[in-house]
Amino acid sequence: MFDDPRSAAWTPLLEAAWKARGNAHAPYSHFQVGAALLTATGEVVGGCNVENAAYPVTLCAERGALSAAVAAGLRPGGLVAAVVVTEAPRLTPPCGACRQALAEFAERLPILLANRETRELHRIEDLLPHSFTGSHFR
């Protein structure tokens with residue numbers, strides 16, 4: 001279902017990610033990012049980057065979506081798929097902090113990277129090999 005980057009299964013996530021990207025607050029970098037997550041309950045949750053003049057306070061789109069999903073009841077193991085979109089000519093993967101945060105909720109997560117021209121499918125375990133997650137404590 002989520003093995004093909006052109007699959008229609010990605011459409012609701014792409015739509016949510018592009019919509020969220022439109023709300024990004026990026027007055028410093030002017031680099032707007034949208035993300036969307038699909039939970040095991042079928043909920044699609046979007047997020048966008050939110051920059052701050054105190055730059056370390058900036059929130060990435062992926063962690064924004066993850067925070068909203070957790071607030072709605074997401075628990076570890078409950079993520080099914082993720083999308084990250086930008087208008088950049090090069091596809092933009094999640095940063096290291098976002099990779100670690102996503103891996104906490106799905107150790108085998110398909111992540112679709114997209115812009116208006118291209119789509120590329122990755123897996124969290126490829127973007128963050130040998131991740132350290134809550135499963136280490138179980």
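Worth saying up front: this structure is predicted, and the values here are computed from it rather than measured. (Residues numbered from 1 in each chain as written. Predicted model: local features only at pLDDT ≥ 70, side-chain atom pairs only at ≥ 80, totals over all residues. Heavy atoms only, no water.)

S.K.: Explain the layout of surface pockets to me, please; I cannot follow it from the model alone.
M.R.: Empty space among the atoms becomes visible once a probe the size of a water molecule is rolled across them. Computed from the structure, the largest pocket encloses a volume of approximately 180 Å³. Per-class residue counts for the lining of the largest pocket are 10 nonpolar, 4 polar and 2 charged. (1 Å grid on protein atoms, 1.4 Å probe; cavity = no way out; pocket = protein on both sides within 12 Å on 5 of 7 lines; lining within 4 Å. Points joined across faces, edges and corners; volume = space filled by probe spheres on them. Nonpolar A, V, L, I, M, F, W, Y, C, P; charged D, E, K, R; others polar.)

S.K.: Which parts of the structure should I look at to understand helix 3 (residues 96-103)?
M.R.: Residues spaced three or four apart along an α-helix point in a common direction, a consequence of the helix completing one turn every 3.6 residues. When we look at burial in helix 3, the residues that qualify are C98, R99, A101, L102 and A103. Those residues of helix 3 hidden inside the fold are in contact with strand 1 (34-39), helix 2 (61-71), strand 3 (79-85), strand 4 (110-114) and helix 4 (124-127). (Buried < 20%, exposed > 50% of the residue type's maximum accessible area, 1.4 Å probe, protein only. Helix = DSSP H or I, 4+ residues; strand = E, 2+ residues; numbered from the N terminus. Contact = heavy atoms within 4.5 Å.)

S.K.: Would you mind going over the pairing of strand 5 (residues 119-123) with me for this structure?
M.R.: Residues in a regular strand point their side chains to alternate faces of the sheet. Note that strand 4 and strand 5 share 5 bridges and pair antiparallel. Note on strand 5: the bridge partner recorded for L113 is E120. The turn linking strand 4 back onto strand 5 is made up of 4 residues. (Pairing = 2+ DSSP bridges.)

S.K.: Got a minute to help me understand the pattern of salt bridges in this structure?
M.R.: Once the charged atoms of two side chains with opposite charge are near each other, the side chains can pair. Enumeration over the complete set of coordinates arrives at 3 salt bridges. Across the pair E87 and R116 runs a salt bridge whose closest N-O atoms are separated by 3.0 Å. With E87 in the loop between strand 3 and helix 3 and R116 in the loop between strand 4 and strand 5, this residue pair connects regions lying 29 residues apart in the sequence. (Salt bridge = Lys/Arg side-chain N within 4 Å of Asp/Glu carboxyl O.)

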